[in-house]
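# Fold and contact review
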Amino acid sequence: MQVTHVTPDNSGEVQWPDFGKETRTVIAIGNFDGVHLGHQAVLQRAHDIAQRHHALSVAILFDPRPAVVFRYATAHQGQELAPDQTYDDSYALTTLEQRLNLIEQCGIDHAIIVRYTLAFGKLTYQYFLGALVGKLGMRTLVLGKDACIGKDRAGTVSAIDTVAQATRTFELAVVDDRGPGIQRIPTHPTPEAQQAFARLLLHPDQVTKAQRRAITKQYPNTTVRTWSSTFIRFALSCGAVDVAASILGRPYSVDGTVIHGKQRGRDLGFPTANLSTQLSSVVPADGVYAGWITDLDTPQHPRYAAAISIGTNPTFAHEDGQISRVIEAYALTDTWLDLYDHHIRVEFAQYLKPMLTFDSVDGLVTAMQQYEQQTRVITDRYAAR
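What you see is a predicted model, and the numbers here were worked out from it, not measured in a lab. (Residues numbered from 1 in each chain as written. Predicted model: local features only at pLDDT ≥ 70, side-chain atom pairs only at ≥ 80, totals over all residues. Heavy atoms only, no water.)

Right, let's talk about helix H5 (residues 125-136) for a bit. Over its 12 residues, H5 extends 15 Å from the first C-alpha to the last, a length consistent with the 16 Å expected when each residue adds 1.5 Å. Burial in H5 covers these residues: Tyr125, Phe128, Leu129, Ala131, Leu132 and Leu136. Here the buried residues of H5 occupy an arc of 155° about the axis, which is enough to place them on one side. Gly137 sits one or two residues past H5 and shows a positive phi near 65°. (Helix = DSSP H or I, 4+ residues; strand = E, 2+ residues; numbered from the N terminus. Expected span 1.5 Å × (residues − 1). Buried < 20%, exposed > 50% of the residue type's maximum accessible area, 1.4 Å probe, protein only. Arc of directions from axis to C-beta.)

Within the element layout of this structure, Ser309 appears in strand S14 (residues 303-311). Ser309 gets classed as buried once you look at its relative accessible area, which sits at 15%. When sequence neighbours within four positions are dropped, the list of residues in contact with Ser309 reads Gly287, Val288, Val326, Ile327, Glu328 and Met355. (Contact = heavy atoms within 4.5 Å.)

Taken as a whole and assessed by the stated rule, the structure comprises 11 salt bridges. Among the ionic pairs, Asp177 bridges to Arg225, the shortest N-O distance being 4.0 Å. Of this pair, Asp177 sits in the loop between strand S8 (171-175) and strand S9 (182-186) while Arg225 sits in strand S10 (residues 221-225), and the two are 48 residues apart along the sequence. Of the residues examined, Asp177 reaches a relative accessible area of 9% and is grouped as buried. Between Arg345 and Asp255 there is a salt bridge whose closest N-O contact spans 2.8 Å. Of this pair, Arg345 sits in strand S16 (residues 343-353) while Asp255 sits in strand S11 (residues 252-257), placing them 90 residues apart in sequence. On the accessibility criterion, Asp255 (15% relative accessible area) is buried. Put simply, Arg65, Arg71 and Asp89 are held in one network by salt bridges that share partners. (Salt bridge = Lys/Arg side-chain N within 4 Å of Asp/Glu carboxyl O.)

The parallel open sheet is built from 6 strands, whose spatial order is S1-S4-S3-S2-S5-S8. Either end of the sheet is taken by a strand with one partner, and the two such strands are strand S1 (2-6) and S8. In this sheet, neighbouring strand axes are inclined to one another by 25° on average, regardless of whether the strands run parallel or antiparallel. As defined by bridge partners, strand S5 (residues 138-144) adjoins S8 across 5 bridges and the pair is classed as parallel. Note on S8: the bridge partner recorded for Leu143 is Val174. Along the sheet face, helix H1 (residues 37-52) touches strand S2 (25-29), strand S3 (56-62), S5 and S8 and points at about 160° away from the line of S5. (Pairing = 2+ DSSP bridges. Axes fitted to C-alpha atoms, helices over the stretch in contact; angles between N-to-C directions.)

A word on the sheet that holds strand S12 (residues 273-276). In spatial order, the strands read S11-S16-S13-S14-S15-S12; together these 6 strands make up an open sheet with antiparallel pairing. Looking at strand neighbours, the two that pair on one side only are S11 and S12, the edges of this open sheet. Taking each pair of neighbouring strands and ignoring which way they run, the sheet shows an average axis angle of 35°. Two strands pair when backbone bridges link them, and S12 and strand S15 (residues 326-331) are joined in this way by 4 bridges, in the antiparallel orientation. Within the sheet, the bridge partner assigned to Leu275 lies in S15 and is Ile327. Contacts between helix H10 (residues 241-248) and the sheet are confined to S11, strand S13 (287-295) and S16, with S16 contributing the most and set at about 120° to the helix.

Residues of the protein chain with pLDDT of at least 70 account for 91%, and the chain-wide mean is 89. In the model of the protein chain, helix H12 (residues 317-320) stands out as the element of lowest mean pLDDT, 46, in contrast to S2, which has the highest, 98. For the stretch residues 315-320, pLDDT sits under 50, and the model shows 12 contacts to residues farther than four places along the chain or on other chains. (pLDDT = per-residue confidence, 0-100.)

Looking now at the nonpolar core. Grouped burial of nonpolar side chains is what soluble globular proteins tend to show. Ranked by size, the top nonpolar core spans 47 residues in total, and within it Ile327, Val346 and Phe348 carry the most contacts. Here the element with the most residues in this core is helix H7 (residues 191-202); it accounts for 6 residues. Counting 36 residues, the second-largest nonpolar core is a separate cluster that includes Ile27, Leu129, Leu132 and Leu143. (Core = buried A, V, L, I, M, F, W, Y, C linked by side-chain atoms within 4.5 Å.)

Moving on: the environment of Ile112. Tracing the sequence through the fold places Ile112 in strand S4 (residues 110-114). Non-local contacts of Ile112, meaning those with residues more than four positions away in its chain, are made with Thr4, Val6, Trp16, Pro17, Phe19, Val58, Ala59, Ile60, Leu61 and Leu136.

As a packed pair, H7 and helix H8 (residues 209-218) sit with axes 10 Å apart at the nearest point and diverge in direction by 145°. In this structure, the crossing between H7 and H8 has a hand that is left-handed. Residues Ala196, Phe197, Arg199 and Leu200 of H7 form the contact with H8, whose participating residues are Gln211, Arg212, Ile215 and Thr216. Among the residues making up the contact of H7 with H8, the classes are represented as 4 nonpolar, 2 polar and 2 charged. (Left-handed = near helix turned anticlockwise from the far one by under 90°. Nonpolar A, V, L, I, M, F, W, Y, C, P; charged D, E, K, R; others polar.)

It is worth spelling out the packing of aromatic side chains at this point. Across all of its chains, the model carries 11 aromatic pairs by this definition. Centre to centre, the rings of Tyr252 and Phe348 are 6.5 Å apart; their planes meet at 20°, and the pair counts as stacked. Of the two residues, Tyr252 is situated in strand S11 and Phe348 in strand S16; the sequence distance between them amounts to 96 residues. Look at Phe348 and you get buried, because its relative accessible area is 1%. An aromatic cluster of at least three residues, connected via ring pairs, comprises Trp16, Phe62, Phe70, Tyr116, Phe120 and Phe128. The positively charged end of Arg303 is found above the aromatic ring belonging to Trp292, 4.2 Å away from the centroid. (Phe/Tyr/Trp six-rings, centres within 6.5 Å; stacked < 30°, edge-to-face > 60°. Lys NZ or Arg CZ within 6 Å of the ring centre and 35° of its normal.)

Here it is, written out as structure tokens:
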């Protein structure tokens with residue numbers, strides 16, 4: 001897949017790549033954060049239409065995400081992120097590199113990454129459509145059912161279809177990317193509301209219909225699409241990594257560099273690879289999980305089952321005072337892995353337990369042995385699928 005980066009000028013104008021006058025394109029537009037099943041349906045449709053018409057399939061995505069740009073402007077009196085300015089996006093489900101890899105897996109020929117700016121966001125959808133037809137040779141635009149583009153999100157599917165019908169310069173293909181229905185999430189995620197709705201996700205078989213109704217009546221809530229980045233973020237904030245995986249079509253993962261810890265895990269017989277939670281992606285809720293780690297700096301990228309904890313390691317908090325929140329992954333291997341300073345991927349299969357404080361080291365060791373057994377069962381089950 002070819003990748004092109006473009007940066008709008010001060011007026012929001014973009015110098016689009018030149019595909020040649022004879023090239024026709026099929027274009028999918030979106031943030032594609034997470035590249036979940038809904039996104040995959042849109043991208044796959046773009047690929048299929050392009051194949052059928054011998055056209056070039058193109059995905060247009062934005063970096064930073066528009067939400068990051070607007071959030072920064074709100075916090076800095078309307079200022080713009082500088083073109084070379086780095087930024088943290090802890091609400092992202094995937095890094096840009098991950099998004100591109102996943103988009104390529106959907107068969108897309110070319111990805112155009114637009115450096116999103118406030119000026120670009122002020123362009124009308126009519127102007128944007130004209131540029132896609134005139135500059136990129138767009139024959140078909142593929143969008144999700146609830147997509148909106150352009151200034152004030154005025155370019156709804158209905159509005160775009162009206163333009164397509166009136167001009168006859170391009171076709172609109174609409175994909176139902178919403179998934180199986182809707183979900184309710186708290187409007188104001190207070191700790192009490194978060195805990196109540198987390199119970200619905202983590203232990204659905206233990207909640208009666210009457211209890212479910214009581215929770216949704218007690219706490220103000222709103223509906224979101226099942227296949228949506230918003231619902232995935234909420235599921236992760238509850239620790240429901242298996243729910244997130246069912247929407248993503250793969251286990252949720254975070255990438256990072258292994259940092260040096262105090263090696264207490266190794267002293268106890270459970271050496272861990274530690275990541276700071278200051279990552280450019282969403283970190284699931286504190287707790288213990290079954291999953292895997294992959295060493296991205298070693299050829300063939302070996303992958304190991306792992307018991308994973310996220311939190312501040314309260315068992316040793318009394319010795320060190322304030323401890324940073326970390327991800328600790330214990331690889332279930334016969335030999336110790338030296339992963340210091342390696343870039344690794346941590347994948348989450350299933351939530352096991354909340355973070356607990358143990359009265360003794362023996363209690364912690366017993367718990368770790370139990371987590372190891374549970375992790376082996378869960379990851380073996382995945383391998384057998």
